[in-house]
Amino acid sequence: TGPIITLEEHFLSRAAKAQPNSRNEMFKAIPGFFEEFTELGPQRIADMDAGQVTMQVISHAPGDLSAALCRDCNDQLAEAVRSYPRRFAGFAELPMHEPHEAAKELRRTCSRENSKDGIKFVGALVDSHTEGGLYYDGPEFDLLWEAAEQLDVPIYIHPTWPSEQLFTAYKSPHLSDDVTISIAAWGFGWHSDVAMHILRLYAAGVFDRFPKLKIIIGHMGEMVPYMLQRIQRVSSRWEKERSFREVWDNNLWLTTSGNWALDPLACILRNTKPERIMYSVDYPFSKSRDGLKWLQELEVSGMVSEEELEGIRWKNAAKLLKLDVN
Ligand code: GRE
Ligand code: ZN
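Since the model is a prediction, treat every value here as computed from it, not as a measurement.

Scoring rules and cut-offs
Residues numbered from 1 in each chain as written. Chains lettered and ligands numbered in written order. Predicted model: local features only at pLDDT ≥ 70, side-chain atom pairs only at ≥ 80, totals over all residues. Heavy atoms only, no water. Donors = N, O, S within 2.8 Å, 3.2 Å for Na, K, Ca; no water. Buried < 20%, exposed > 50% of the residue type's maximum accessible area, 1.4 Å probe, protein only. Near = heavy atom within 4 Å. Polar contact = N/O pair within 3.5 Å; in protein donor to acceptor, adjacent residues only side chain to side chain. Areas by Shrake-Rupley, 256 points an atom, 1.4 Å probe, with all protein chains shown as cover. 1 Å grid on protein atoms, 1.4 Å probe; cavity = no way out; pocket = protein on both sides within 12 Å on 5 of 7 lines; lining within 4 Å. Sits in = over half its atoms within 2 Å of the grid points. Nonpolar A, V, L, I, M, F, W, Y, C, P; charged D, E, K, R; others polar. Points joined across faces, edges and corners; volume = space filled by probe spheres on them. Helix = DSSP H or I, 4+ residues; strand = E, 2+ residues; numbered from the N terminus. Core = buried A, V, L, I, M, F, W, Y, C linked by side-chain atoms within 4.5 Å. Contact = heavy atoms within 4.5 Å.

**Quick look at the coordination of the zinc ion (ligand 2)**
Four donors placed tetrahedrally about a metal ideally form angles of 109.5 degrees, and six donors placed octahedrally ideally form angles of 90 or 180 degrees. The protein atoms donating to the zinc ion (ligand 2) are Glu8 (OE), His10 (NE2), His158 (NE2) and Asp282 (OD), with metal-donor distances spanning 2.0 to 2.3 Å. Every donor residue of the zinc ion (ligand 2) comes from the same chain, spaced as E-x1-H-x147-H-x123-D. Here His10 falls in the buried class, since its relative accessible area comes to 0%.

And the structure:
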């Protein structure tokens, strides 16, 4: 019943794989996982096929890379996209601790014409903050927003590992570091971190300066939909040119990425335009087969019309990313 596009799908580059760090050790300890994570070929496509995914927009996993390693990562991903042009598309990895270089790399990878490196990515996926804890609400990032607007590509803001300050803030004397990290990261904290970042960008006037900027957030909107009324009320005192509601309706898109419940979607369908909602899996942290089950539940739930379902499955993403999957 038609194509499926997913767009929060990760890989670990050869550059990041070679770095000795505790995260790589953690991933290696999960049987079979490291192989799936670092692979850009048949194994990934088999998972896609099992979940009827037509096209994956692939991005790097969280973790700040230097400008040189970002280029290597993007070259590696571009090669995979060239090998499987009907199954893979790419989001660029950007060195966000160097905003000037980040803008430059976005232009190198996403320019539709005269891209001498032959890379035609459809946007970028960036960590919600740098390893040092820097967010992107400062004027030094205007270069990047400007490039994204000019290229007309979205920037996906993805959760990332807590900085030292964040980890300290989350740390309880009664909990192990392992439990702390699961609370501070994928269990809750890094989702609220992305939500907070969206508020910071809005409050700093980024969307007033760049009214055509397109931002994607995952995991059913990183809890923003649930808090939308309260955010609107608070932010109405910040004297921005456009209300948070206008920005939500015009500048933000969200994906389902590995949040397999209909409850958050019920909330989203009440306060968010259906054409803003895009299906995603969050491979390899989540599997396409589980996503498909969720899509089937959604279909029989009667929560969305056939047209809305088609939008969620692929049409909204195809339009935003200018992808041709037919
Ligand atoms: C994710 O992308 O959602 C993710 C990671 C790392 C660990 C868990 C997780 O990037 O869900
Ligand atoms: Zn993810």
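**Some points on the site of ligand 1**
The local shell around ligand 1 consists of His10, Pro62, His158, Trp161, Trp190, His219, Asp282 and Phe285. Here His10 contributes a side-chain N or O atom positioned 3.1 Å from an oxygen atom of ligand 1. Surface burial for ligand 1 is 89%, taken as the share of its 280 Å² of free accessible area covered by protein chains. When atom positions are compared with the pocket grids, ligand 1 is found to occupy the largest pocket. Counted by class, the shell around ligand 1 contains 4 nonpolar, 3 polar and 1 charged residues.

**Considering the layout of surface pockets**
Summary: where empty space remains is shown by rolling a probe the size of a single water molecule over the atoms. Taken as a whole, the largest pocket spans an internal volume of roughly 800 Å³. Lining the largest pocket are 43 residues, with His158, Trp186, Trp190, His219 and Asp282 sitting closest to its centre. Mapped by element, the contributors of at least two residues to the lining of the largest pocket are strand S1 (5-11), helix H2 (22-28), helix H3 (33-38), helix H10 (189-203), helix H12 (224-235) and helix H14 (263-271). No other element matches the 4 residues that H2 contributes to the lining of the largest pocket. Its volume calculated, the second largest pocket comes out at about 440 Å³. Listed by contribution, the elements that provide at least two residues to the lining of the second largest pocket are H2, helix H8 (164-170) and helix H9 (177-184).

**Focus on the nonpolar core**
If you look at soluble globular proteins, the nonpolar side chains tend to sit buried side by side. By size, the foremost hydrophobic cluster in this structure holds 81 residues, and its most contacted members are Leu94, Leu106, Trp145, Ile215 and Ile217. Setting aside chain neighbours within four positions, we find Ile217 in contact with Tyr156, Ile157, Val194, Ile198, Glu222, Val224, Trp248, Trp253, Leu254 and Thr255. In terms of nonpolar packing, the next biggest core, distinct from the first, is built from 19 residues, Met278, Ala317, Leu320 and Val325 among them.

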